[in-house]
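Structural overview
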Amino acid sequence: MSESNYTEGQVLFEEDNHKVIWLGWEKDEGSGAVQTNQYLIIHGSKGILLDPGGVHLFPRVVAVISRYIDLDNIETILFSHQDPDVSSGIALWLGITNAAIHISELWMRFVPHFGLVDFSRLSSIPDSGGTVSTSTGAALNMLPAHYLHSPGNFSFYDPVSGILFSSDIGGAVFPKDTHYLFVDDFKTHLPIIEGFHQRLMTSGKVCKDWVERMRKNRISMIAPQHGAIFKDKAVDEFLDWLSNLQCGSDILSNFT
Ligand SMILES: [Fe+2]
Ligand SMILES: [Fe+2]
């Protein structure tokens, strides 16, 4: 990781008028908050922002976005689920953009507890998912990922780049002062994703079902909300591992 990545982010995909950007990291982890990833898709002049996160990240995320697009051109903000590391900045984002926010219908009446919210700018995602489009013609698929870990959860798939924004699925918890953007070796990476998935994900059955559905897409990268991005052979290695994982209710005695 170069120093500039933290403050400038990194372009993950660029072709014609379509760009996918990872939005950097906090340099100072002194807050103790879990590390998170934010992503921006730009198609033509318009953007979709994914899981922009909480209040303490807001200045950095705004600064990095502004390097690539005018905030007024963000049309849509997607929340994969209701957790504070995803959505607690909701009032700030509604204030600084004109975007509509999409979140599971399950959580529509919960997120206003994070701050004063104009309901007319919230859009509920039905359990079955759907698509969301920019006015410039890009369509993103909202794919059900319920119970992984939230009961109202979505992964988002960009057919142009082939990037699957997987939410907490695939998330890693980095040890302090260790960061890398891409998974180079899945076996080395495994120890920092294993416990996270065993504890947070509901069951092996739900994981296997998600993997089978996601594999119907051409996946170039899996970009989780925490930790490092899977690409090349690490994509299949992760999916193979997840589809055979015992977790959550399968191993309940581990947690009692
Ligand atoms: Fe979460
Ligand atoms: Fe998370």
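Further up the page is the structure itself.
The present account deals with the structure reproduced in this document. Note that the coordinates shown come from a computational prediction; the quantities given were computed from them, not determined experimentally.

1. Notes on the coordination of the iron ion (ligand 2)
Around the iron ion (ligand 2), the donor atoms from the protein are Asp 85 (OD), Asp 168 (OD), Gln 225 (OE1) and His 226 (NE2), and they sit 2.1 to 2.3 Å away. Because the angles between the four donor atoms bound to the iron ion (ligand 2) fall within 80 to 169°, the donor set is best described as irregular. Here the donor residues of the iron ion (ligand 2) share one chain and are spaced in sequence as D-x82-D-x56-Q-H. A spacing of 3.4 Å is found between the iron ion (ligand 2) and the iron ion (ligand 1), which share Asp 168 as a donor. Of this pair, Asp 85 sits in helix 3 (residues 84-87) while Gln 225 sits in the loop between strand 12 (221-224) and strand 13 (230-231), placing them 140 residues apart in sequence. You'll find Asp 85 and Gln 225 in the same group, each marked buried.

2. A few points about the coordination of the iron ion (ligand 1)
Around the iron ion (ligand 1), the protein contributes the donor atoms His 81 (NE2), Asp 83 (OD), His 149 (NE2) and Asp 168 (OD), at 2.0 to 2.2 Å from the metal centre. Relative to the metal, the four donor atoms surrounding the iron ion (ligand 1) lie at angles of 86 to 169°, and the coordination shape comes out irregular. Coordination of the iron ion (ligand 1) draws on donor residues from a single chain, spaced H-x1-D-x65-H-x18-D in sequence. The exposure class assigned to His 81 is buried, which follows from its relative accessible area of 0%. Taking the relative accessible area as the measure of exposure, Asp 83 reaches 18% and is therefore buried.

What counts and what doesn't
- Residues numbered from 1 in each chain as written.
- Chains lettered and ligands numbered in written order.
- Predicted model: local features only at pLDDT ≥ 70, side-chain atom pairs only at ≥ 80, totals over all residues.
- Heavy atoms only, no water.
- Donors = N, O, S within 2.8 Å, 3.2 Å for Na, K, Ca; no water.
- Tetrahedral: all angles 85-135°; square planar, octahedral: opposite > 155°, others 65-115°.
- Helix = DSSP H or I, 4+ residues; strand = E, 2+ residues; numbered from the N terminus.
- Buried < 20%, exposed > 50% of the residue type's maximum accessible area, 1.4 Å probe, protein only.

Keep in mind these numbers describe shape, not what the thing actually does.
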